[in-house]
Each structure stands twice: as structure tokens, then as C-alpha cells.
Amino acid sequence: MLAVDHFASYPEQLALGGLTWCVLLGALTRVPAERRAQALGVVCFATVGEVTGSLIWGVYHYRLHNLPLFVPPAHGLVYLTGLSLAAALRSHLRALVAAAAVTSSTWGLLGLTVLPRRDIAGAFGVPLLLLFLWRGRNRAIYAGVFLVVATLELYGTAIGTWRWAHDLPGLGIPDGNPPRGVASGYVWFDVMALLTAPVALQLVSRTASMSRQPRRRALARGR
């Protein structure tokens, strides 16, 4: 999808967005309700982050200087992919978490030392991920999502689908392309989705139950 978008016009990008939404909705039919709520929660929180970081703050921008329609549903697909990776490697939990921790730490150190584009801003996200990998109850999910996001960030910036600013606007802190901590900071979307998903499911269940009550009363009176 990212490779196709690299050559797409705006109308073609809209079509790619519609296709991505269809893929996400199809994928959601194959997972339990709790996972669906989590994935949709990631879409909501990540979209707020995209609007804030790209359109308002200008920390990064997409090729057409907009928020492509495929980006919000892609966040849900990224989350589901991270879940699948964690499930596939459930018998190797420590190795998965260790791989994420080593990759994040090494990436952060390289951005502060030897890489040509100095990345101070990105380094702030690395301790956050390490904390979640150490203390989080869902560290396998965080590790899986981190590895997926890191891969997409490296690929997306390499082909020019999006590009990060050299410095954080208004702060002047050097930033990488991509920042070494962006994939680590992405974990916040997962944390918020995991926390809010049970509440969302309860609200949906309660609303559905309330909507059924008048029908039951009407049927009872009819009898």
C-alpha cells in the first residue's frame, strides 16, 4: 500500500483508503469482540495523534501534505499484525520482548552517536518502551507492535511516503527520519486502547440491552 501510494494522485489515494478500510473491516470479523474494540480504539487514538503531530504541529508530513485516508485504518491493521506476531511467538515471549528491547535501545544509541542525522527527540521514546516491556502486563503485544511499526517507519520514510522534520517545530530539538523513539511512543496508543476497550464493550452491551427492553415490553403486552 505504501509503495503504491508513492505514485498515487489524490483521487487514487482516496481509493487506496477505501480499500484499506475494507481490509480492516474484513480482518475485524475474524477476531473476538474484545480485539475488535482494541483495534478500533487504536484507530481512534492514533488518528488524534496523526492530526496533532502532522496537521497541527508539523512534526512530520505526508507526501501530499494531508492525512491520507488509508492511515487511520492502517493503524488498526498494524495493531492486529502485532497481536498476530505476539500470538505466533507466544512460546518465545522472552525472546520477542528481548528483541524489541535490544532493537529499541540500539537504535536510540545509534541516533545519538554515529548516524548522520542526530536524533535527540526520538531518544525520549526509548525509555518509555523499555518501561512497558519491563512492567507491562501486555509486553508481548507491545513488543510485537513495536517491531511492526519500526519496520513500517523505516520503509515509509525510505520511499518518501512521509518525512519527519529535522527539528521539533517550536522546540528546536533535533529529530530523526524516522525518530528512533516514534515506534516506542506508538505503544501509548496500544495502552490506551487496551484500557478503554472493556469500557467500550460494556457501553455497547448496555445500549443494546436498553434498546431491546421496549421490544420485550411490547411483545409482553401483545400477549
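These numbers were taken from a predicted model, which means no experiment stands behind them. (Residues numbered from 1 in each chain as written. Predicted model: local features only at pLDDT ≥ 70, side-chain atom pairs only at ≥ 80, totals over all residues. Heavy atoms only, no water.)

Draft legend 1. The arrangement of the confidence of the model for the protein in detail. Overall, the prediction assigns the protein a mean pLDDT of 88, with 93% of residues at 70 or greater. For the protein, the element scoring lowest by mean pLDDT is helix 9 (residues 187-222), at 73; helix 2 (residues 10-28) scores highest, at 96. (pLDDT = per-residue confidence, 0-100. Helix = DSSP H or I, 4+ residues; strand = E, 2+ residues; numbered from the N terminus.)

Draft legend 2. Fine view of helix 4 (residues 71-88). The end-to-end C-alpha distance of helix 4 is 25 Å, a good match for the 26 Å that 18 residues give at a rise of 1.5 Å each. Buried residues of helix 4: V71, P72, P73, H75, G76, V78, Y79, L80, G82, L83 and A86, and no others. (Expected span 1.5 Å × (residues − 1). Buried < 20%, exposed > 50% of the residue type's maximum accessible area, 1.4 Å probe, protein only.)

Draft legend 3. The arrangement of a nonpolar patch on the surface in detail. A contiguous nonpolar surface patch, about 340 Å² in accessible area, is contributed by Y10, L14, L64 and L69. Tracing the backbone through its elements, the reader meets L69 in the loop between strand 1 (60-62) and helix 4. With relative accessibility at 37%, the residue L69 sits in the partly exposed group. (Patch = residues over 30% accessible without salt bridge, like charges linked within 9 Å, V, L, I, M, F, W, Y side chains within 5 Å. Areas by Shrake-Rupley, 256 points an atom, 1.4 Å probe, with all protein chains shown as cover. Salt bridge = Lys/Arg side-chain N within 4 Å of Asp/Glu carboxyl O.)

Draft legend 4. Main features of the side chain of D119. Counting through the fold element by element, D119 comes out in the loop between helix 5 (93-112) and helix 6 (125-135). At 3.1 Å, the side chain of D119 forms a polar contact with the backbone nitrogen of G176. Beyond its immediate stretch of four places on either side in the chain, D119 contacts G111, L112, P174, D175, G176, P178, P179 and R180. (Polar contact = N/O pair within 3.5 Å; in protein donor to acceptor, adjacent residues only side chain to side chain. Contact = heavy atoms within 4.5 Å.)

Draft legend 5. A look at the pattern of salt bridges. The final tally for this structure, using the stated rule, is one salt bridge. Ionic pairing is found between D5 and R63, a salt bridge with its closest N-O pair at 3.8 Å. In this pair, D5 is assigned in helix 1 (residues 2-5) and R63 in the loop between strand 1 and helix 4, connecting sequence segments 58 residues apart.

Draft legend 6. Local environment of helix 6. Every buried residue of helix 6 is listed here: G125, V126, L128, L129, F132 and L133. For helix 6, the angular spread of the buried residues around the axis is 160 degrees, confining them to a single face. Those residues of helix 6 that are exposed and angled more than 90 degrees off the buried face are P127, W134 and R135. (Arc of directions from axis to C-beta.)

Draft legend 7. Structural context of the nonpolar core. Among the nonpolar cores identified, the biggest contains 34 residues, and Y79, L133, Y142 and V145 are the most heavily contacted of them. When residues of this core are traced back to their parent elements, those giving at least two are helix 2, helix 3 (33-56), helix 4, helix 5, helix 6, helix 7 (139-158) and helix 9. In terms of residue count, the dominant contributor to this core is helix 7 (nine residues). If we skip the residues at most four places from it in the chain, V145 touches V78, Y79, G82, Y186 and D190. Y62, W162, L168 and V182 belong to the second largest nonpolar core, which has 11 residues in total. (Core = buried A, V, L, I, M, F, W, Y, C linked by side-chain atoms within 4.5 Å.)

Draft legend 8. Inspection of the state of the cysteines at higher detail. All chains considered together, the criterion is met by zero disulfides. Not engaged in a disulfide, the cysteine C22 finds its nearest cysteine sulfur in C44; these two sulfurs lie 18 Å apart. (Disulfide = S-S within 2.5 Å.)

Draft legend 9. Main features of the packing of helix 5 against helix 7. For the pair helix 5 and helix 7, the least separation of the axes is 9 Å and the interaxial angle reads 45 degrees. For the element pair helix 5 / helix 7, the angle class is oblique. Pair helix 5 / helix 7 crosses with left-handed handedness. Across from L93, L96, V97, A100, T103, S104 and W107 in helix 5, the residues of helix 7 making contact are R139, A140, A143, G144, F146, L147, A150 and L154. Considered class by class, the residues forming the contact of helix 5 with helix 7 number 11 nonpolar, three polar and one charged. (Axes fitted to C-alpha atoms, helices over the stretch in contact; angles between N-to-C directions. Parallel < 35°, antiparallel > 145°, perpendicular 65-115°, else oblique. Left-handed = near helix turned anticlockwise from the far one by under 90°. Nonpolar A, V, L, I, M, F, W, Y, C, P; charged D, E, K, R; others polar.)

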